[in-house]
Amino acid sequence: MRTTEKYTGEQEKIRQEGCIERAEEYVKALSIRLGRRPTCCVTTFGCQMNARDSEKLAGILERAGYELTEDESADFVIFNTCTVRDNANQRVYGRLGHLNSLKKKNPHMKIALCGCMMQEKAVIEKIQKSYGFVDLIFGTHNIYKFAELLVRMFEADRMVVDIWEDTDQIVENLPVERKYPFKSGINIMFGCNNFCSYCIVPYVRGRERSRNPEDIINEIKKMAEEGVVEVMLLGQNVNSYGKNLAAPMSFAQLLREVEKIDGIKRIRFMTSHPKDLSDELIQVMKESKKICRHLHLPLQSGSTRILKAMNRRYTKEQYLALAEKIRKEIPDIAITTDIIVGFPGEEPADVDETIDVVKKVQYDNAFTFIYSKRTGTPAAAMENQVPEEVVKEGFDRLLKVVQDTARQRVSLLEGQVQEALVEGVNQQERGLLTGRLSNNTIVHFPGDARLIGQIVPVYLEQCHGFYYIGKLHERP
Ligand code: 5AD
Ligand code: SF4
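Only a predicted model underlies this, so the values are computations on that prediction, with no experimental measurement involved.

Rules and cut-offs
- Residues numbered from 1 in each chain as written.
- Chains lettered and ligands numbered in written order.
- Predicted model: local features only at pLDDT ≥ 70, side-chain atom pairs only at ≥ 80, totals over all residues.
- Heavy atoms only, no water.
- Pairing = 2+ DSSP bridges.
- Helix = DSSP H or I, 4+ residues; strand = E, 2+ residues; numbered from the N terminus.
- Axes fitted to C-alpha atoms, helices over the stretch in contact; angles between N-to-C directions.
- Contact = heavy atoms within 4.5 Å.
- Core = buried A, V, L, I, M, F, W, Y, C linked by side-chain atoms within 4.5 Å.
- Buried < 20%, exposed > 50% of the residue type's maximum accessible area, 1.4 Å probe, protein only.
- Near = heavy atom within 4 Å.
- Nonpolar A, V, L, I, M, F, W, Y, C, P; charged D, E, K, R; others polar.
- Parallel < 35°, antiparallel > 145°, perpendicular 65-115°, else oblique.
- Left-handed = near helix turned anticlockwise from the far one by under 90°.
- Polar contact = N/O pair within 3.5 Å; in protein donor to acceptor, adjacent residues only side chain to side chain.
- Areas by Shrake-Rupley, 256 points an atom, 1.4 Å probe, with all protein chains shown as cover.
- Phe/Tyr/Trp six-rings, centres within 6.5 Å; stacked < 30°, edge-to-face > 60°.

Student: Account for the sheet that holds strand β11 (residues 266-270), naming residues and giving values.
Tutor: Reading across the sheet, the three strands line up as β7-β10-β11 and stay open at both edges, with parallel pairing between neighbours. Each edge of the sheet is formed by a strand with only one pairing partner; in this case those strands are β7 (183-187) and β11. Here the average twist between neighbouring strands, direction ignored, is 20 degrees. Bridging between β7 and strand β10 (residues 230-234) involves five bridges; their strand directions are parallel. Considered in β10, the bridge of isoleucine 186 is made with leucine 233. Packed onto the sheet, helix α2 (residues 48-64) meets β7, β10 and β11 and runs at close to 100 degrees relative to β7.

Student: Give me the lowdown on the sheet that holds strand β12 (residues 294-296), citing residues and values where you can.
Tutor: Strand pairing in a sheet takes place through backbone hydrogen bonds and is either antiparallel or parallel in direction. Pairing within the open sheet is parallel, and its three strands lie in the order β12-β13-β14. Each end of this open sheet is capped by a strand with a single partner; those strands are β12 and β14 (365-370). When strand polarity is set aside, the average angle formed by the axes of neighbouring strands in this sheet is 15 degrees. Looking at chain direction, β12 and strand β13 (residues 334-341) are connected through three bridges and run parallel. Note that in β13 the partner of histidine 296 across the bridge is threonine 336.

Student: So, unusual backbone geometry: which residues are in play, and what are the values?
Tutor: Residue methionine 270 is joined to threonine 271 through a cis peptide bond whose omega torsion reads -5 degrees. For threonine 271, the position within the fold is in the loop between β11 and α9 (279-287). Phi angles above zero are rare outside glycine, and phenylalanine 195 is one such case at about 50 degrees. Structurally, phenylalanine 195 is set in the loop between β8 (189-190) and α6 (201-205). Residue asparagine 311 is not a glycine yet carries a positive backbone phi of 60 degrees. Mapped onto the elements of the fold, asparagine 311 is located in the loop between α10 (304-309) and α11 (316-329).

Student: I'd like a rundown of the nonpolar core, residues and numbers included.
Tutor: Of all hydrophobic cores here, the largest spans 69 residues; its most connected members are Val231, Leu233, Phe251, Leu254 and Phe269. Residue contacts for leucine 233: discarding those within four places in its chain leaves Ile186, Ile188, Ile220, Val238, Phe251, Leu254, Leu255, Val258, Ile267, Arg268, Phe269 and Met270.

Student: Please give an account of the site of ligand 2 that cites residues and values.
Tutor: Taken together, the neighbourhood of ligand 2 is formed by Cys192, Asn194, Phe195, Cys196, Tyr198, Cys199, Val201, Pro202, Gln236, His273 and Arg312. Tallied by class, residues from the shell around ligand 2 come to seven nonpolar, three polar and one charged.

Student: Explain the packing of helix α7 (residues 213-225) against helix α8 (residues 251-259) to me, and be specific about the residues and the numbers.
Tutor: Between α7 and α8, the shortest axis-to-axis distance is 10 Å and the interhelical angle comes to 30 degrees. It follows that α7 is roughly parallel to α8 by the angle criterion. Two packed elements cross with a definite hand, and for α7 against α8 that hand is right-handed. Seen from α7, the contacting residues are Pro213, Ile216, Ile217 and Ile220; seen from α8, they are Leu254, Glu257 and Val258. For the contact of α7 with α8, the per-class residue count stands at six nonpolar, no polar and one charged.

Student: Could you give an account of the site of ligand 1, naming the residues involved and the relevant values?
Tutor: Residues in close proximity to ligand 1 include Val84, Arg85, Tyr198, Gln300, Asp338, Ile340, Phe369, Ile370, Tyr371, Ser372 and Arg374, which together make up its full environment. The separation between an oxygen atom of ligand 1 and a polar side-chain atom of aspartate 338 is 2.7 Å. A distance of 2.8 Å is found between a nitrogen atom of ligand 1 and a backbone nitrogen or oxygen belonging to serine 372. In isolation ligand 1 exposes 400 Å². Once the protein is present, 85% of that is buried. Residues that form the shell around ligand 1 fall into these classes: six nonpolar, two polar and three charged.

Student: Give me the packing of helix α1 (residues 9-34) against helix α5 (residues 146-155): which residues, what numbers.
Tutor: One can describe the packing of α1 onto α5 by two numbers: an axis separation of 7 Å at closest approach and a directional angle of 35 degrees. The element α1 and its partner α5 pack so that their crossing is left-handed. Within the contact between the two elements, α1 uses Glu12, Arg15, Gln16, Cys19, Ile20, Arg22, Ala23, Tyr26 and Val27 and α5 uses Phe146, Ala147, Glu148, Leu150, Val151, Phe154 and Glu155. By residue class, the composition of the contact of α1 with α5 is 10 nonpolar, one polar and five charged.

Student: Requested: an account of the packing of aromatic side chains, with residues and values cited.
Tutor: Throughout the structure, instances matching the rule amount to 14 aromatic pairs. Between tyrosine 198 and phenylalanine 343, the ring centres sit 6.4 Å apart and the planes meet at 85 degrees, which makes this aromatic pair edge-to-face. Pair noted here: tyrosine 198 is in the loop between β8 and α6 and phenylalanine 343 is in the loop between β13 and α12 (348-361), with a separation of 145 residues, a long-range link. Residue classification places tyrosine 198 among the buried positions, given a relative accessible area of 10%.

This is the structure in structure tokens:
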């Protein structure tokens, strides 16, 4: 249901700025009542896109006068939810129960829910029925209206629900509060048109929409001026970037433009669909000094029969040929992947095919998921759902191969010196810093916290499975 008439992106931005000022008044009044600055907590479930959306939510909350905290007993708590697999939904319900007990102690506490899970009708019904203490619910399409919704929440005496079925609106230049000062995600497109038969994303994130290249470039330039050295270009399927722009542009061309921006030293991107990965992209990656040596290339299954039922639009052989081409052109690249086990109709022989691909491609890492039935997707209506024990058997078999190959791949760098972006202090062992190599491998090494945000050479002394222990390499 739409609650506002349609404005242009610029008009909408001005409206939202006005709403932030109004929200500020409410937060000010609350702070007088509490005798301190009210706190807020943004909790993210799910993917990098959600993490980026959460930075936008945090930016608006901070501008409205809240102090950000990671403590869920805050005065305002928002869950930015994910619904790609059912266990993500279950986690949200579990955590909501906990928020309810906190709110009983602090009746002024406000609780909001947003993100992909809220785009599902059944979820909204369940929350209205069983979680009446929630103050605000909105979805993925109207997140840019968060400031306005905050005002409505302060003014309402019951749950505010605002869910849209779709949008073509992209509002630029709203405030954001980055989690890291030195690296940032940046949306280059929203939505997905692929309709893989197991996936709920096209239904909850809507149709594919690319941002204008000028807006992307300007945003990255501004980030670079603010000290960002690494950007991650985000989209459900970055390889089809630009196809629906008034002046079409390929993803590879966009990367060329990003490469030219002074101050940006590293470029990453997520996620690539194998069917759309062009030779032009491989070439741009090969020639680039800034694009990281890492490609996330979801396989989902190694069985051509299952891939067809998944509507992935490539065969096992086409995927293998693509991976081989990439490895030949860019030998030092790390390839990672996503795999689903237990898709309807999958048999042990299909899992064997998947294992065969894992062995041939030699992934540096693979995220393995048990198939989760998502209401409304074509796969949910398929009759031949796989029994749990069969799924478990296939999953364990696959996981073992994935872990063995990944360990072998990651250990190949032992004894080398590589550049690492220092991301923070190690959580387990103080005195150690955590850095990330171009190929996405993590290295821990002794060093001073003042190095955080810098790219430094590190000697990769010892491989511990999926990460390294190293030491700073003195420049000669
Ligand atoms: N069940 C299990 N895994 C899924 N994914 C997407 N939909 C489902 C589902 N219904 C996985 C895919 C995708 C990753 C983000 O989540 O592997 O690449
Ligand atoms: Fe889902 Fe497929 Fe789109 Fe990825 S490409 S978001 S798996 S539909």
